[in-house]
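Working through the structure, step by step
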Amino acid sequence: MSEISFVLRSTRVVTPEGMRPAAVAVAGGTIAAVLPYDAEVPAGAVLEDVGDDVVLPGLVDSHVHVNDPGRTEWEGFWTATRAAAAGGITTIVDMPLNSLPPTTTVDNLRTKQDVARAKAHVDVGFWGGALPDNVKDLRPLHDAGVYGFKCFLSPSGVEEFPELDQEQLARSLAEIAGFDGLMIVHAEDPHHLAAAPQKSSSQYADFLASRPRDAENTAIQNLIDQARRLDARVHVLHLSSSDALPLIAAAKAEGVKVTVESCPHFLTLTAEEIPDGATEFKCCPPIREAVNQDALWQGLADGVIDCIVSDHSPSTADLKTPDFASAWGGISSLQLGLPAIWTEARRRGHDLTDVVRWMSEGPARLAGLDRKGAIAEGKDADFAVIDPEATFTVDPVELQHRNRITAYAGKTLHGVVKSTWLRGERINEGGVLGEPVGRLLDRNVDRNA
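Residues numbered from 1 in each chain as written. Predicted model: local features only at pLDDT ≥ 70, side-chain atom pairs only at ≥ 80, totals over all residues. Heavy atoms only, no water.

To continue, consider the overall build of the chain. What the chain contains, in helices and strands, is 13 helices and 18 strands. Relative to the 2.2 N^0.38 estimate, which gives 22 Å for 449 residues, the radius of gyration of the chain is 21 Å and therefore close to what a compact globule would have. Each principal axis of the C-alpha atoms in the chain carries an extent, and together these give about 70 × 45 × 45 Å. Taking all contacts inside the chain whose residues are at least 6 apart in sequence as the whole, residues at least 24 apart take part in 74%. About 16,000 Å² of surface is accessible on the chain, with carbon and sulfur atoms providing 49% of the total. Positive and negative side-chain charges in the chain, numbering 41 and 64 respectively, have mean positions lying 2 Å apart. (Helix = DSSP H or I, 4+ residues; strand = E, 2+ residues; numbered from the N terminus. Rg over C-alpha atoms; globule rule 2.2 N^0.38 Å. Contact = heavy atoms within 4.5 Å. Areas by Shrake-Rupley, 256 points an atom, 1.4 Å probe, with all protein chains shown as cover. Lys, Arg positive; Asp, Glu negative; His and termini not counted. Charge placed at Lys NZ, Arg CZ, Asp CG, Glu CD.)

Here the focus is the sheet that holds strand 7 (residues 89-94). On the basis of which strands lie adjacent, the open sheet formed by 3 strands has the order 6-7-8 and parallel pairing. Each end of this open sheet is capped by a strand with a single partner; those strands are strand 6 (59-64) and strand 8 (123-126). Between one strand axis and the next, the sheet turns through 20° on average, direction left out of account. Here strand 7 pairs with strand 8 via 4 bridges, running parallel. Across the sheet, Val 93 pairs through a bridge with Gly 125, a residue of strand 8. (Pairing = 2+ DSSP bridges. Axes fitted to C-alpha atoms, helices over the stretch in contact; angles between N-to-C directions.)

It is worth spelling out unusual backbone geometry at this point. For the bond running from Asp 68 to Pro 69, omega is 5°, close enough to zero to count as cis. Within the secondary structure, Pro 69 sits in the loop between strand 6 and helix 1 (77-86). Of note in the backbone geometry, Asn 67 takes a positive phi value of approximately 70° without being a glycine.

Covered by surrounding structure in strand 5 (residues 54-57) are Val 54 and Leu 56 together with Val 55 and Pro 57, the residues of both alternating faces. Relative to strand 5, strand 1 (residues 6-15) runs parallel, the two sharing 2 bridges. Within strand 5, the position partnered with Arg 12 by the bridge is Val 54. By the bridge criterion, 4 bridges tie strand 5 to strand 15 (residues 383-393) in an arrangement that is antiparallel. Each bridged residue has a counterpart across the sheet, and for Leu 56 the counterpart in strand 15 is Ala 384. (Buried < 20%, exposed > 50% of the residue type's maximum accessible area, 1.4 Å probe, protein only.)

Contact pair helix 3 (residues 135-143) / helix 4 (residues 166-178): the axes reach a minimum separation of 9 Å and the direction vectors enclose 30°. By the angle between their axes, helix 3 is roughly parallel relative to helix 4. For the element pair helix 3 and helix 4, the recorded crossing hand is right-handed. Seen from helix 3, the contacting residues are Val 135, Leu 138 and Arg 139; seen from helix 4, they are Arg 171, Ser 172, Glu 175, Ile 176 and Gly 178. Considering only residue class, the contact of helix 3 with helix 4 consists of 3 nonpolar, 2 polar and 3 charged. (Parallel < 35°, antiparallel > 145°, perpendicular 65-115°, else oblique. Left-handed = near helix turned anticlockwise from the far one by under 90°. Nonpolar A, V, L, I, M, F, W, Y, C, P; charged D, E, K, R; others polar.)

What follows covers the packing of aromatic side chains. As enumerated under the stated definition, the model contains 9 aromatic pairs in all. Considering the side-chain rings of Phe 6 and Trp 421, the 5.0 Å spacing of their centres and the 20° angle between planes classify their relative orientation as stacked. Placement of the pair is Phe 6 in strand 1 and Trp 421 in strand 16 (residues 412-422), with a sequence separation of 415 residues. Phe 6 sits in the buried class, given a relative accessible area of 7%. The rings of Tyr 204, Phe 207 and Phe 324 are connected pair by pair, giving a single aromatic cluster. Directly above the ring of Tyr 37 sits Arg 9, whose terminal nitrogen or CZ lies 5.2 Å from the centroid. Between Arg 71 and the ring centre of Trp 74, over which it is positioned, the NZ or CZ distance is 5.4 Å. (Phe/Tyr/Trp six-rings, centres within 6.5 Å; stacked < 30°, edge-to-face > 60°. Lys NZ or Arg CZ within 6 Å of the ring centre and 35° of its normal.)

Looking now at the sheet that holds strand 14 (residues 307-308). Taken together, 6 strands build an open sheet; the order of strands is 9-10-11-12-13-14 and the sheet is parallel. What marks the edges here is a single partner per strand, and that holds for strand 9 (128-129) and strand 14. Where strand 9 meets strand 10 (residues 149-152), 2 bridges bridge the pair, whose relative direction is parallel. Paired with Gly 129 across the bridge in strand 10 is Lys 150.

Of the strand pairs in this sheet, strand 16 and strand 17 (residues 425-429) are connected by 4 bridges, and their pairing is antiparallel. Opposite Leu 422, over in strand 17, you have Glu 425 as the bridge partner. Hairpin connection from strand 16 to strand 17: 2 residues lie between these consecutive antiparallel strands, with Arg 423 at a positive phi of about 50°. With 2 bridges connecting them, strand 17 and strand 18 (residues 432-433) associate as antiparallel partners. Bridged to Glu 429 within strand 18 is Val 432. Between strand 17 and strand 18, which pair antiparallel in sequence order, lie 2 residues; one of them, Gly 430, sits at a positive phi of approximately 60°.

Remember that the coordinates give geometry; whether it matters functionally is a separate question.
Rendered as structure tokens:
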């Protein structure tokens with residue numbers, strides 16, 4: 001016990017075995033032991049007793065658009081990782097697009113890493129991108145440490161990141177399957193989108209009609225078929241259509257290597273509540289109706305949906321025009337995902353062990369972040385300390401995001417993040433952030449390290 005430098009103690013610690021009183025002993029930034037609550041504190045160790053506040057493993061958000069470099073007026077590593085730390089998130093995985101250059105070659109990855117290195121308040125990993133013309137770059141990116149590859153099956157919204165057609169998807173999947181990599185997919189079918197009514201409008205109902213459920217359902221079925229044929233690992237991003245859940249459940253039961261995520265906005269916001277012109281609610285695929293949301297929660301309860309991540313996709317205010325057709329599609333929620341989900345989860349009878357499974361353990365497993373996602377011996381000493389009973393009203397001014405536009409403005413949420421810890425070091429105390437101490441993660445170095 002002499003090497004233990006720090007002990008975090010609470011009457012409520014969420015461990016893989018459930019919530020219980022415990023003292024978490026930390027040595028060298030790693031969890032050395034999860035001890036009984038009243039265990040003797042080793043000589044020389046600093047004790048932090050948080051009373052009845054709940055200690056969670058630091059959350060993992062595997063779907064964050066940081067947009068740095070190139071579109072840093074939208075977001076950046078400094079602001080995004082501060083928002084993550086303020087929200088109890090200790091690890092993010094950055095999406096390959098909306099930055100310039102996109103993460104589609106090893107040189108582009110190094111450019112992004114050079115920008116991120118001195119700005120990261122939390123640990124940061126990187127997804128690579130799969131484009132129609134970069135199959136040759138996929139294995140080098142994998143060897144360089146990306147956690148998998150993102151592709152679109154419909155237009156991405158930025159010209160430097162074009163979508164894959166089914167033949168191009170097959171080529172990329174075959175290449176990635178050859179080294180047991182992971183393809184993560186924006187699954188909307190372009191033909192269904194093209195056939196849907198498209199018009200300029202400030203009415204949310206018109207926008208919702210332009211992104212029908214069939215676009216998701218068809219794209220997901222095609223993806224499952226390709227994954228089955230090629231024995232490839234695939235992950236469905238930001239599921240919004242509950243109609244696709246039976247397809248995914250059947251594929252999983254069959255042994256197809258498919259996983260799926262959803263997002264706080266799909267699980268806490270509904271189409272019925274969105275005012276006309278309120279394009280802070282616009283995202284693709286879209287927020288759907290309350291009955292659809294109920295089915296998504298059932299998918300979580302049943303284990304069909306593997307994890308909840310933010311899809312934090314910010315922009316400057318001028319791009320959020322009142323016209324849903326032309327406004328930038330993306331919701332900023334990095335700092336608010338935990339309280340948003342906890343507020344709805346507790347209302348529906350779930351507990352914080354469920355939230356940890358969905359927002360820490362699940363995303364860590366998806367990306368292969370073996371040192372993250374749980375309060376257990378050998379894991380990184382990453383913690384979020386929260387008061388789950390306390391409430392607050394969302395004030396955009398208090399957000400750490402570069403552009404403080406949020407669909408959650410004015411909402412009262414349960415779950416106040418009191419502090420956040422990265423490898424045993426406090427990085428957030430009541431919304432006061434320290435200097436950046438996050439590391440850049442590499443799949444080759446950090447997996448099974």
